[in-house]
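# Inside the fold
Chain by chain, the residues run as shown.
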Amino acid sequence: LQLGYYPAARMVLDQLLIVNPECLNGLLFYGLLCYKEKKYSDSIMHLRQAISLSPDNPDAYNNIGLSYMESGQPKEAEVNLKKAIDLRPDNAIFVKNLAMVQRASGNLEEAVATYKKALEIDPKSYDAWECIGSIYGQKKEIDKAIECFHKAIAINSESLASRVDLAYAYHLLGEWEKGWENY
């Protein structure tokens, strides 16, 4: 699926599910394929089937949560992502996905707290620092945003997003020289 051979993958998965309609991995992969193809209702359908076969599968809950988010159903997304986290609380990706839904829903403080939980699990998660910084920027708390972008860059000095956001934050403060240094 990562290489983008979706028609071939769909053909294989169709055949697999004809032979065994209750193949858990087939349903999980089909749900992921539909997600990547932006067919979110199909993704949700296949992932619901997977969850009915394996109700303790955290990946299924994470993936269906993402599909719900993309289909404009943030409450369902949050419910399913929380279930994924309940099943695998040490997975920083699941936690960051929940924070992303919270942010998209306008729950900025909750999103910041959730991203910080992800950092407790994975302190090297520079993208969590980028997101927190971006939220602070959105809230016009520029000094806090700058601090977060610096932390992201300290973890991953190659992060273009962090550097651009940091430069922009400095520009907002009128600190042009510092801003240009980061472009």
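The shown structure was predicted, so the numbers you read here are calculated from the model rather than taken from an experiment. (Residues numbered from 1 in each chain as written. Predicted model: local features only at pLDDT ≥ 70, side-chain atom pairs only at ≥ 80, totals over all residues. Heavy atoms only, no water.)

### Regarding helix α4 (residues 58-70)
Counted at 1.5 Å a residue, the expected span for α4 with its 13 residues is 18 Å, and the 19 Å between its end C-alpha atoms agrees. Across the 13 residues of α4, 11 count as buried, placing the element largely inside the fold. Among the structural elements, α2 (24-36), α3 (40-53), α5 (74-87) and α6 (92-104) are those in contact with the buried residues of α4. Its side-chain oxygen 3.0 Å from the backbone nitrogen of D59, N57 forms the N-cap of α4. Where α4 terminates, the next one or two residues include G72, which has phi positive at roughly 80 degrees. (Helix = DSSP H or I, 4+ residues; strand = E, 2+ residues; numbered from the N terminus. Expected span 1.5 Å × (residues − 1). Buried < 20%, exposed > 50% of the residue type's maximum accessible area, 1.4 Å probe, protein only. Contact = heavy atoms within 4.5 Å. Polar contact = N/O pair within 3.5 Å; in protein donor to acceptor, adjacent residues only side chain to side chain.)

### A short note on the environment of M69
Along the polypeptide, M69 turns up in helix α4. With a relative accessible area of 16%, M69 lands in the buried category. Note: C-alpha distance between M69 and A9 (60 residues apart in sequence) is 24 Å. Excluding its chain neighbours within four sequence positions, the residues that come into contact with M69 are A77, M100 and V101.

### Observations regarding unusual backbone geometry
Despite not being glycine, K38 has its phi angle at roughly 65 degrees, a positive value. By the secondary structure assignment, K38 is in the loop between α2 and α3. Backbone geometry places K140, a non-glycine residue, at a positive phi of 65 degrees. With respect to the helices and strands, K140 occurs in the loop between α8 (126-138) and α9 (142-155). Residue K140 is classed as exposed on the basis of its relative accessible area of 67%.

### Considerations on the nonpolar core
In this structure, Y30 and I64 are the most contacted members of the largest nonpolar core, which totals 27 residues. Of all the secondary-structure elements, those providing two or more residues to this core are α1 (6-19), α2, α3, α4, α5 and α6. When sequence neighbours within four positions are dropped, the list of residues in contact with Y30 reads R10, L13, D14, L17 and H46. Residues V112, C148, F149 and A152 belong to the second largest nonpolar core, which totals 21 residues. (Core = buried A, V, L, I, M, F, W, Y, C linked by side-chain atoms within 4.5 Å.)

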